[in-house]
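Observations on the three-dimensional arrangement
Now for the letters of each chain:
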Amino acid sequence: MKKLKSPGELAALQAEIRAGRDPKKPCITICAGTGCLAYGTQKIIECFRQEIDKQHLQDRVQLRTSGCHGFCERGPMVVIHPQKIFYQRIKAEDVPDIISKTVLAGEIIDRLSYVDPATKQKIVYEHDVPFYKRQTRYVLGMNGDIDPACIDDYLAIGGYSGLSKALSGMKPEAVIEEVKKANLRGRGGGGFPTGWKWESTRKAAGEPKYIICNADEGDPGAYMDRSLLEGNPHLVLEGMLIGAYAIGSSQGYIYVRNEYPLAVHNITLAIEKAREVGLLGENILGSGFSFDIKINRGGGAFVCGESSALFASIEGRSGEPRAKYVHATDQGLYNKPTNLNNVETWGNVPLIINRGADWYASIGTANSTGTKIFSLVGKINNTGLVEVPMGITLREIVYDIGGGIPNGRKFKAVQTGGPSGGCIPEQFLDMPVDFDELAKIGSMMGSGGMIVMDDRTCMVDVANYFLKFLEEESCGKCTPCREGVLQMRLILDRICEGQGKEEDINTLEWMGQAIIDGSLCALGGSAPNPVLTTIKYFRDEYEAHIKHKKCPAGVCKALITYSVDAEKCTGCHACARVCPTQAATGEKKKTHVVDLGKCIKCGACFEACKFDAIKIL
Amino acid sequence: MSDTVTLKINGRTITASAGSTLLAAAQSANIYIPNLCSNEELTPYGACRLCMVEIAHGKRTRMVASCIYEVAEGLEVQTVTERILNVRKLVIELLLARNPYHPRLLKISHELGVQASRFKEDVKGCILCGQCVRTCREVVGVAAIGFKGRGRTRTVATPFDKAPADCIACGSCAYICPVKVIPLEDKNNVRTIWKTEFPMAVCKKCGRPFAPEKQLAYFRKIANLPENHFDTCIQCR
C-alpha cells in the first residue's frame, strides 16, 4: 500500500474505502473476542466460510470476524448488518439456516433470537437488546464494525481522522488544552487528569520523552483493556499518536501481558499496517512529526501494572516498584520524562479530538466525564463488558443492564476496583458511579472490574480470596506488603476455619491502616481495602464467624453442616445419587439423612435437591 | 540552586546539604529514626519501612520513607506521630515473625514498646533488607547474589541456587548483614560462603591464609596490579 503523505490523502483513502463498500450488502459479523472464542466460535467461523463457498456467495455476502461485542453471557453471537439482526448462543449447525433464511431470504430465525427474561419478549435487533440499549458505547461500540486485522475497517468509520485533525490544524499545546478541557481522567485506576499529565511530560526537561500504553491488566475478572486492544487496536494507536504529538515524543511502548496472545497478535498486526500506510514512522502525514511504537510483553506479574515496576520491567530489570517521590513525568522510563496511560484512556483520546472537548465533557458528571467500560462479572445474569456514562448508578448497571442476580437470589455486594478495591453493600446501590463517589465509600474505580456477589457469598471468604491474590502478587520488596498482607491472610484463614479470636477484627483494622500508610507502592497501599470495607459493611459476618463459629452465607466449610429437613424431603434420592462419599442416604420415598461422619461438605446434595430439603446449618 | 536547604524536623530548624535524604539530615542533627535497610554507602532502597516519617503537604500530611525522600526548602517533618509509630510497630512485629532473636531487632522493638510479635512465626532469619545484594553490586561490583522469587517466596540467592560464578568470597555480604544470617566460615585454608568453597591464598612469608584467591585476583584485575602483588599478607608486607 502507498504511504499517505498528507491529511488530504488520508481523507481520500477513507472516502475511497467507503465508496467501494455497498452499505446494503449483508455483512455477517461474528464476535471473535476471547470469550466467544472460548465458546468455540472458531468452528462457527469456519462453517460460515464453508457455507458461503458452498453457496457461491463470496460476492454477495461479507463475513467479518470482529472483536468483543460485550454481551459475553450470550456468545457465540453474530450480528447481521445492515439491519443488525442479533443472534445469540448459535451453534455450527445453525450456520446454513442463518445464511439461507436470514441473509438471503430476510427471515428471522426465532430460536436464535434473544428473549428478554424480564418481559419474555423476543428481540430481533441488537440495538433493542436491553443489555445494549441502556449503555453508551462510544468506545467499545466500534468493535462490532471492525475486523481488527483490517485497517480499512477502521478507516471506513473515520479512523485516524482525530490524528489528522491534530496534525493539520492544532498546535501540541492546543491538543493538550482540549484533553484538559474534556477533563479526561486516567482509566487505569488512579483517575489522574490526563491532560495535566501530558502537559507535565511535555514541559519536563530531558529528551527523548516516552509515552507508554499500560495494557498489563491483571485484576481477577477484568478484561476491558484486553477486549479493546484485541478488538480495536488502531483506536489505541491513534490515541497514542495524538498523545505523542501533543507531548513531543517520538517513541512509544505498549506494555501488554503475554497471557493476552490475541491482543499481542492484533496490536502487532495493527502496528505493521499503520507503518505500511505511513501512520507510524517518519514524517507522519507529511507533518514532520515522527513516532513509532515497540511492544513489550509482560511476564505476568500483577505489580508490573504499577508505573515504576513497569518501567523497570521494560528496562530489563525485575518488576519492582521504586518510591515515586520523583514523578514519572519528570523521570520515568530510562529516567526520561515518561507519560503512562492505560489502554482505555488512550482509546478515549481520538473521540475527544474528533468530536471536541465540549461534547466529551457533556457526558458523565462534572468531575468524571465520558464513559467507562466495566467488566460485569460474578453473580449476574448478563456477564459481559458494559460501557456506561460516568455517574450512572450501580443499580442501573446491576439490574437494568446486568439483568439482576441469577436464580432470583438476593444482591449482597459489588466489588469495584479489582482486588484492591472495596466491597460495596446494597445501601449504596443508588449511588452514582464515578471516581470521587467510589472513593468516598472506601472503594475505587480502579480499572473497571465489577464483581457482583449474592447472598450465598461469604464476605470473609471474599476478602480472603482477594488478599491471597495480592499476597501472591506482592513483589516482596517492602515489609508491610510482603509480610503484612500475608499475616492478614493467615488471620482470615483462621477466622474461616472457626479459630478466630475476639481481638482479630481490631487487629485486622489496625494492620490494614498501617499497611496502607507504610507500603512502598499502590499495591500494598490498597491491598487491605477488601478487608477494611468488608469489616466496615459486613462486620456482623465477621462476628458470626468469630463469636458464634457460624458462616451465615454457608460457605466456610469448617463452620457449616448439612442436614435434611424431614418435612421437605420427598425421598427422591437425588442427594444420594450425587453424594461422592455415600453420606447422603435413604430409601426411596422416605426421608433421607446426611451422615456427618462421612460428609465432606462438598455441597453436591445441596445443589441437587430440588425441594430445598438440604439445609446448611 | 544553593548547596544547603533549611527545613524543620519536629519543630527544630535544621540546615542540610541539598540532595541529602531526610534520614541523613535527621541523623546529622542527632534526631533518631530507626532503620534497617539504609546504609549511607548504598543506593537508597526504601524497603523496610521503619524510617517512615510524616511530611506536611499543604493542609494534609503524607507518609514518606525518610531514607529515600530528599530534603527540600521549607519542608516540615515529624518523626514521631501515632501514624508513624503504628507503621513502625507493625513492621517490627512482622520482622520479628521472621527473626525473633537478633538483638538489633529486639532493640528496635523495645524502643517501640513492642513486647512480642503477635503474628505467626515463620523463622527465616533474613529480613530481606537487601543490603547484601546492593553491597555486592554497588560496592564490590560483582553482583554475585540477587533476589529470587516474589512476595513471601522472595529470598536472597545465588543464580539458579548454584555455586555463584561471580562471587569472589570477599564476605562483604555477611559483614553488612544487619542481622548476621549469611554464614561464612574460614577453615583449613578454605572459605565457605554461599555453600561454596573458595581456596584461601597463603602468605609466602608467614604461611598463614589471609584472603580468598578469587578476591585477590579480582583486586589485581580492577587495579591493574602485577601477578605477584598479593604474595604476602598485610602483616608481612
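Reading guide: rules and limits
Think of each chain on its own: its residues are numbered from 1, step by step along the sequence as written. Chain A is the first chain written and ligand 1 is the first ligand written, with later ones labelled in order. Since the coordinates come from a predicted model, pLDDT governs what is reported: local features require at least 70, and pairs of side-chain atoms require 80 or more to be given and counted, while whole-chain, interface and lining totals use all residues. Think of the side-chain values as coming from all heavy atoms in the structure, minus any hydrogens and water. In DSSP terms, a helix is any run of H or I states spanning at least four residues, a strand is any run of E spanning at least two, and both are numbered starting from the N terminus. For the radius of gyration, the atoms used are the C-alpha atoms, and the globule rule reads 2.2 Å times the number of residues raised to 0.38. Contacts are assigned to residue pairs that have any heavy atoms within 4.5 Å of one another. Accessible surface is estimated by sampling points in the Shrake-Rupley manner with a 1.4 Å probe; for residues, cover comes only from the protein chains shown. The charge count treats Lys and Arg as positive and Asp and Glu as negative. His and the chain ends do not count. The location of each charge is read from NZ of Lys, CZ of Arg, CG of Asp or CD of Glu. By convention here, the domain bounds are inherited from an automatic or database domain assignment. Once two parts are joined, some of their accessible surface, as seen by a 1.4 Å probe, is lost; buried area is that loss totalled over both. Any carboxyl oxygen of Asp or Glu that lies within 4 Å of a side-chain nitrogen of Lys or Arg is treated as forming a salt bridge with it. The definition of a polar contact used here is a pair of N or O atoms within 3.5 Å, where within protein one atom must be able to donate a hydrogen and the other to accept one, and adjacent residues in sequence count solely through side-chain atom pairs. For this classification, the nonpolar set comprises Ala, Val, Leu, Ile, Met, Phe, Trp, Tyr, Cys and Pro, the charged set comprises Asp, Glu, Lys and Arg, and every other residue, Gly included, is treated as polar. When DSSP finds at least two bridges between two strands, those strands are taken to pair. Think of each axis as a best-fit line through the C-alpha atoms, taken over the contacting stretch in the case of a helix, with angles from 0 to 180 degrees between the N-to-C directions. For each residue, the accessible area found with a 1.4 Å probe, counting protein chains only, is set against the maximum for its type, and the residue is called buried under 20%, exposed over 50%, and partly exposed in between. Any pair of Phe, Tyr and Trp rings, taking the six-membered ring for Trp, is counted once the centres come within 6.5 Å. Such a pair is stacked with planes under 30 degrees apart, edge-to-face with planes over 60 apart, and tilted for the rest.

A look at the overall build of chain A
The number of helices and strands found in chain A is 25 helices and 19 strands. Relative to a compact globule of 617 residues, whose C-alpha radius of gyration would be 25 Å, chain A shows 26 Å and is just as compact. Principal axes of the C-alpha set define a box for chain A whose edges measure 80 × 65 × 40 Å. Contacts spanning at least 24 positions in sequence make up 70% of the contacts within chain A whose residues lie at least 6 apart. In the form shown here, chain A has an accessible surface area of approximately 23,600 Å², with 50% of it arising from carbon and sulfur atoms. Put simply, chain A has 73 plus and 73 minus side-chain charges, and the middle of one group is 2 Å from the middle of the other.

A closer look at the domain arrangement of chain A
Residues and elements named next belong to chain A. What the domain assignment lists for chain A is domain 1 (25-135), domain 2 (159-171 + 188-353), domain 3 (371-454), domain 4 (459-547) and domain 5 (561-616). A separation of 28 Å is found between the C-alpha centroids of domain 2 and domain 3. Taken together, the contacts link 14 residues of domain 2 with 17 residues of domain 3. Approximately 1,200 Å² of surface area, both sides summed, lies buried where domain 2 meets domain 3, with 61% of it carried by carbon and sulfur atoms. Counting the surface domain 2 buries against domain 3, the share from its top three residues, Tyr223, Met224 and Glu344, is 41%. Here domain 2 and domain 3 share 1 salt bridge between them. We note a salt bridge from Glu344 to Lys372, for which the minimum N-O separation is 2.5 Å. The tally of links from domain 2 across to domain 3 stands at 5 residue pairs in polar contact (both at pLDDT 80 or more). Of all the elements in the fold, those that place two or more residues in the side of domain 2 that touches domain 3 are helix 10 (224-231) and helix 14 (343-355). Of the residues in the side of domain 2 that touches domain 3, the class split is 6 nonpolar, 6 polar and 2 charged.

Brief notes about the sheet that holds strand 1 (residues 27-31) of chain A
Residue and element names in this part refer to chain A. Spatial strand order, 2-1-3-4: 4 strands in an open sheet with mixed pairing. Two strands lie at the open edges of the sheet, namely strand 2 (62-66) and strand 4 (85-87), each paired on one side alone. Neighbour-to-neighbour, the strand axes of the sheet open up by a mean angle of 20°, direction not taken into account. Bridging between strand 1 and strand 3 (residues 78-81) involves 4 bridges; their strand directions are antiparallel. When the bridges of strand 3 are listed, Ile30 appears paired with Val78. Across the sheet, helix 4 (residues 95-105) touches strand 1, strand 3 and strand 4, and the angle it forms with strand 3 is around 35°.

Some thoughts on the pairing of strand 4 (residues 60-65) of chain B
All names here are of chain B. As judged from the 6 bridges shared by strand 3 (residues 52-57) and strand 4, these two strands associate in the antiparallel manner. When the bridges of strand 4 are listed, Met52 appears paired with Ala65. Between strand 3 and strand 4, which follow one another and run antiparallel, lie 2 residues, and Gly58 among them has a positive phi close to 65°.

Observations concerning the interface of chain B and chain A
Taken together, the contact between chain B and chain A spans 33 residues of the former and 32 residues of the latter. At the junction of chain B and chain A, the tally comes to 5 salt bridges. Its salt-bridge partner being A:Glu483, residue B:Arg98 comes within 2.7 Å of it at the nearest N-O pair. Taken together, the connections running from chain B to chain A amount to 17 residue pairs in polar contact (both at pLDDT 80 or more). Within the residue set of the side of chain B that touches chain A, elements represented by two or more residues are strand 4 and helix 2 (82-98) of chain B. Here the side of chain B that touches chain A gets 11 residues from one element, more than from any other, and that element is helix 2 of chain B.

Focus on the pattern of salt bridges
Residue and element names in this part refer to chain A. Per the stated rule, a full pass over the model turns up 48 salt bridges over all chains. Linking Glu230 and Arg226 is a salt bridge whose minimum nitrogen-to-oxygen distance equals 3.1 Å. Taken together, the residues Glu230 and Arg226, both in helix 10 and 4 residues apart, mark about one turn of the helix. Notably, a salt bridge pairs Glu541 with Lys412, separated by 2.6 Å at the nearest N-O pair. Of this pair, Glu541 sits in helix 23 (residues 539-547) while Lys412 sits in strand 13 (residues 411-416), and the two are 129 residues apart along the sequence. Judged by relative accessible area, Lys412 falls into the buried class, the value being 13%.

A short note on the packing of aromatic side chains
Residues and elements named next belong to chain A. Under the counting rule described, the total for this entry stands at 22 aromatic pairs over all chains. For the ring pair Phe86 and Tyr132, a centre distance of 6.1 Å and an interplane angle of 90° mean the geometry is edge-to-face. With Phe86 in strand 4 and Tyr132 in helix 5 (residues 130-133), this pair connects stretches of sequence that are 46 residues apart. An angle of 75° between the planes, with centres 5.5 Å apart, marks the rings of Tyr245 and Phe289 as edge-to-face. Of the two residues, Tyr245 sits in helix 11 (residues 233-247) while Phe289 sits in the loop between helix 12 (261-276) and strand 9 (292-298), which places them 44 residues apart along the sequence. Phe289 gets classed as buried once you look at its relative accessible area, which sits at 10%.

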